[in-house]
There are 2 protein chains.
Amino acid sequence: MTKPTPDPRHALTLRDVSEASGVSEMTVSRVLRNRGDVSAPTREKVLEAARALGYVPNKIAGALASQRVNLVGVVIPSLSNMVFPEVMTGISEVLEGTGLQPVVGVTNYLPDREESVIYEMLSWRPSGMIIAGLEHSAASRAMLARAGIPIVEIMDIDGEPINHAVGISHRRAGRQMAEAIIAAGYRKIAFLGTQMPNDFRAKKRLEGFEEALAKAGLTLVDREYYSGGSALLKGREMTAAVLNRTPDVDFLYYSNDMIGAGGLLYCLAQGLDVPGRIGLAGFNGVELLDGLPRKLATMDACRLEIGRKAARIIAEAPEASQVEELFPTLQPGDTIRQA
Amino acid sequence: MTKPTPDPRHALTLRDVSEASGVSEMTVSRVLRNRGDVSAPTREKVLEAARALGYVPNKIAGALASQRVNLVGVVIPSLSNMVFPEVMTGISEVLEGTGLQPVVGVTNYLPDREESVIYEMLSWRPSGMIIAGLEHSAASRAMLARAGIPIVEIMDIDGEPINHAVGISHRRAGRQMAEAIIAAGYRKIAFLGTQMPNDFRAKKRLEGFEEALAKAGLTLVDREYYSGGSALLKGREMTAAVLNRTPDVDFLYYSNDMIGAGGLLYCLAQGLDVPGRIGLAGFNGVELLDGLPRKLATMDACRLEIGRKAARIIAEAPEASQVEELFPTLQPGDTIRQA
DNA sequence: CGTGATATTGTTACCGCTAACAGCCCAATT
DNA sequence: AATTGGGCTGTTAGCGGTAACAATATCACG
């Protein structure tokens, strides 16, 4: 033991490791990054010293010097609705092998908050950004466009992307569901969804849905909105409200699976004949539905694949902008009459 | 050859803003950070120039120079089980006002992965770290202990914290639930839970549970484990398996609410008398339960409050280590007989 | 044994920003 | 008028690494 206690309060730097191992800082840096040739014995010496000291490199300094940051910003509206965790899984999965690391920011569907999250993230000079949605404030779009890094807008492709986009057409998804419902013979259709004015994708689905209804000469017979609270419970309550107000309704289209699940449980508890007397459908294809007594009709939003593809674009940083459209599949489940 | 037009792709620096506004870089820095005195007209000029250029400060350089990083690392095992998003909410809520910003890392319950996530985070020199659980590899503990920043281990307090801890006693929680079940007159009790060997908190709950059973002269009449897949569905399946194998079981204790909910739906579908013929209980107090046809007995894990308190500790960085124990409340719901 | 090629290690100059301190200007004070 | 003390702005010297290049050691070969 040379130094009894080399000031434990002093933060370790490359210099400490370099002194401990008797080589230059540069060589230590090379060993720790596995870059450039270093002789085997030197490498060992350095690694040993670093391990013994418990040295953790300072990426702040490293990033500044190398002008390279292995971070990818991911901006999403919420973590609590089961949809984004799966997107994250896809992203992490692909980034894993690239040395890139995702950093998540949550906006709670607030444009102002989104703007500040983006600003904050860009100030760390990430290698790329993945952002949910195509709708952003002018300032947000400007910042992203100027950042000089690949930007991927995910989930949605109905609009003008800043750079790249990966997602599905929610308008088309809504239309498809409506067509399937009409084809199954339902005519008195109601919509139940969130109140959130900034959930543009839910809004687009509804637009597509109504568009298809109109084409068939139909209009929604009722609609019910909610905000906040337990989605499952809200689903029950909203369903009760609609059934009460519009007793002859024969189909309930929910803007997401969670409230759809609540509605399904309610209908079953009421002893309603599903899908004979009344049909139901949600949106997202969440795993949760597998455990329900009856499988809710839904449309898978390709979340995993969206995450994967977005990450792949960031990793490859292609010159040309690209828009990847994915096509959700309708899962009829047990809550739509089979024709 | 000089540049005729100042390359618009050239990354902006303080210097660009300083030139555009005719003051020194230092003054620009002061304006943008709101630090030190700057005259009103100068401030305006600078802000105007910064806005016009679309300048985003480089925190990497700033952090290196000031030796200050406004990041707080949060290391959690998973995002998909509804429990951590709520902890995150509590953390964000408190950090909001402090200028600190959470950065999340996910370990998937893998110790190796936890180690590398911690290493990665520490290399950004955060102002503090919040980590789920008290069980970590020796290397992880060493890194954290040496980092010279406040460390808060959350969720659990049954063990030796590295620095600070905020959580509940899972052992005690298990014990309490067992006592309530026994008091309600149930005697043939089965456990249904996850297989994950690294979910130490679930393990501790089970230990406490069995301990209390033993004290009453009882042992589990059956147990069933699962891993992966849709928790709700697994809950159904496991419940079916147990009821089949051990027909006279009169209570099912689930390691989390999600499988408990699946079990509850199954029991109701089978027409079993709940809680008369058979009782059920879960753990966590997830919002989801509010929407179920009958309310599952559970124990709230104080997740929001844990997040808040942990963040508060980081923000205040107290000298002395502190351990905050929270006390979960038992919510009997409708699935335990009332004595 | 000299020579160029190759392998390994060191030196220097920043990266973009901020702490600390230095300077300047001008009103107020003596 | 000289002095003083704020208020405001500029200068200098890093922060802890890394790119690029320089230097030295080593080695094969004619």
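Note that the structure is a prediction, hence the values are computed from the model and not measured. (Residues numbered from 1 in each chain as written. Chains lettered and ligands numbered in written order. Predicted model: local features only at pLDDT ≥ 70, side-chain atom pairs only at ≥ 80, totals over all residues. Heavy atoms only, no water.)

Asks: Kindly report on the protein's contact with DNA strand D, identifying the contributing residues and their values.
Replies: Taken together, 25 residues lie near DNA strand D, and A:Ser29, A:Arg33, A:Tyr55, A:Arg68 and B:Thr42 sit nearest. The sugar-phosphate portion of DNA strand D accounts for 66% of its atoms within 4 Å of the protein, the bases making up the rest. One of the side-chain N or O atoms of A:Arg68 is found 2.7 Å from a phosphate oxygen in DNA strand D. Within the backbone of B:Leu64, one N or O atom sits 3.4 Å away from a base oxygen of DNA strand D. (Near = heavy atom within 4 Å. Polar contact = N/O pair within 3.5 Å; in protein donor to acceptor, adjacent residues only side chain to side chain.)

Asks: I'd like a rundown of the protein's contact with DNA strand C, residues and numbers included.
Replies: By nearness alone, 24 residues border DNA strand C, and A:Thr42, B:Leu14, B:Ser29, B:Tyr55 and B:Arg68 come closest of all. In the interface set of DNA strand C, defined as its atoms within 4 Å of the protein, sugar plus phosphate atoms amount to 68%. Separating a phosphate oxygen of DNA strand C from a backbone N or O atom of B:Leu14 is a distance of 2.5 Å. Elements represented by at least two residues in the surface near DNA strand C include exactly α2 (25-33) and α4 (59-66) of chain A together with α2 (25-33) and α4 (59-66) of chain B. A class-by-class count of the residues in the surface near DNA strand C yields 10 nonpolar, 10 polar and four charged. (Helix = DSSP H or I, 4+ residues; strand = E, 2+ residues; numbered from the N terminus. Nonpolar A, V, L, I, M, F, W, Y, C, P; charged D, E, K, R; others polar.)

Asks: Before we move on, can you summarise the sheet that holds strand β9 (residues 279-281) of chain B with the specific residues and values?
Replies: Residue and element names in this part refer to chain B. The four strands are arranged β7-β6-β8-β9 in an open sheet whose pairing can be described as parallel. The open sheet has two edge strands, β7 (222-226) and β9, and neither has a second partner. Ignoring which end each strand starts from, the neighbouring axes of this sheet average 15° apart. Here four bridges tie strand β6 (residues 189-194) to strand β8 (residues 251-254), and the two strands are oriented parallel to one another. Pairing of Phe-191 across the sheet is with Tyr-253, part of β8. (Pairing = 2+ DSSP bridges. Axes fitted to C-alpha atoms, helices over the stretch in contact; angles between N-to-C directions.)

Asks: Explain the environment of A:Lys215 residue by residue, including any values.
Replies: Within the secondary structure, A:Lys215 is located in helix α9 (residues 200-215). Separated by 156 residues in sequence, A:Lys215 and A:Lys59 place their C-alpha atoms 58 Å apart.

Asks: Which residues make up the interface of chain B and chain A, and what values do they have?
Replies: Contacts between the two partners involve 47 residues from chain B and, on the opposite side, 48 residues from chain A. Buried area between chain B and chain A, summed over both chains or domains, comes out near 4400 Å², and the portion from carbon and sulfur atoms is 63%. Looking only at chain B, the three residues that lose the most surface to chain A are B:Ile60, B:Trp124 and B:Arg146, adding up to 15% of its buried area. Between the two partners, chain B and chain A, sit four salt bridges. Close ionic contact of B:Glu120 with A:Lys59 constitutes a salt bridge, the shortest N to O distance being 2.4 Å. (Contact = heavy atoms within 4.5 Å. Buried area = accessible area lost by both parts, 1.4 Å probe. Salt bridge = Lys/Arg side-chain N within 4 Å of Asp/Glu carboxyl O.)

Asks: Explain a positive patch on the surface residue by residue, including any values.
Replies: All names here are of chain A. Together, Arg-30, Arg-33, Arg-35 and Arg-68 give the surface a local cluster of positive charge. Here Arg-33 shows up in helix α2. On the basis of relative accessible area, Arg-33 is assigned to the partly exposed category, the value being 41%. (Patch = residues over 30% accessible without salt bridge, like charges linked within 9 Å, V, L, I, M, F, W, Y side chains within 5 Å. Areas by Shrake-Rupley, 256 points an atom, 1.4 Å probe, with all protein chains shown as cover. Lys, Arg positive; Asp, Glu negative; His and termini not counted. Charge placed at Lys NZ, Arg CZ, Asp CG, Glu CD. Buried < 20%, exposed > 50% of the residue type's maximum accessible area, 1.4 Å probe, protein only.)

Asks: Give a description of the pairing of strand β7 (residues 222-226) of chain A that names residues and reports values.
Replies: Residue and element names in this part refer to chain A. Only one face of β7 is covered, namely the face carrying Asp-222, Glu-224 and Tyr-226; the face carrying Arg-223 and Tyr-225 is uncovered. As paired strands, strand β6 (residues 189-194) and β7 are joined by five bridges and run parallel to one another. Following the sheet pairing, Leu-192 is matched in β7 by Glu-224. A crossover connection joins β6 to the parallel β7 through α9; in handedness this β-α-β unit is right-handed. (Right-handed = clockwise from strand over helix to strand, strands pointing away.)

Asks: Can you break down the environment of B:Leu233 residue by residue, with the values?
Replies: Relative to the helices and strands, B:Leu233 is located in helix α10 (residues 231-245). Judged by its relative accessible area of 26%, B:Leu233 is partly exposed. Sequence separation of B:Leu233 and B:Tyr266 is 33 residues, and the distance between their C-alpha atoms is 9.4 Å. B:Leu233 has contacts with A:Asp290 and A:Gly291, leaving out every residue within four places of it along the chain.

Asks: I'd like a rundown of the domain arrangement of chain A, residues and numbers included.
Replies: Size of an interface, as often reported, equals the accessible area lost when the parts are brought together. Residue and element names in this part refer to chain A. For chain A, the domain assignment lists domain 1 (14-65), domain 2 (69-169 + 303-327) and domain 3 (170-300). Its C-alpha centre places domain 2 at a distance of 29 Å from the equivalent point of domain 3. At the junction of the two partners, domain 2 supplies 17 residues and domain 3 supplies 15 residues. Taking both sides of the interface into account, the surface hidden between domain 2 and domain 3 amounts to around 1400 Å²; carbon and sulfur atoms contribute 51%. For domain 2, the biggest contributors to the area lost against domain 3 are Tyr-109, Ser-169 and Arg-303; these three give 39% of the whole. The interface formed by domain 2 and domain 3 includes three salt bridges. Glu-325 is the partner of Arg-172 in a salt bridge, and the nearest nitrogen-oxygen pair spans 2.9 Å. Applying the counting rule to domain 2 against domain 3 returns 13 residue pairs in polar contact (both at pLDDT 80 or more). (Domains from an automatic or database assignment.)

Asks: Lay out the side chain of B:Asp250 with the relevant residues and their values.
Replies: Residues and elements named next belong to chain B. Secondary-structure assignment places Asp-250 in the loop between α10 and β8. Although Asp-250 is buried, it makes no salt bridge; Arg-337 carries the closest opposite charge, 5.0 Å away. Residues contacting Asp-250, with those up to four places away along its chain left out, are Gly-185, Tyr-186, Arg-187, Lys-188, Ile-189, Arg-277, Ile-278 and Gly-279.

Asks: Account for the relation of the copies chain B and chain A, with residues named and values stated.
Replies: Mapping chain B onto chain A is achieved by rotating through 180° and translating by 0.0 Å along the same axis, at an RMSD of 0.1 Å. One copy is carried onto the other by what is essentially a two-fold rotation axis. Minimal C-alpha distance to the rotation axis in chain B is attained by B:Ile60, lying at 2.8 Å. Of all interface residues in chain B, 98% are interface residues in chain A too; the two copies therefore contact each other through one and the same surface. (Least-squares fit on C-alpha atoms with pLDDT ≥ 70 in both.)

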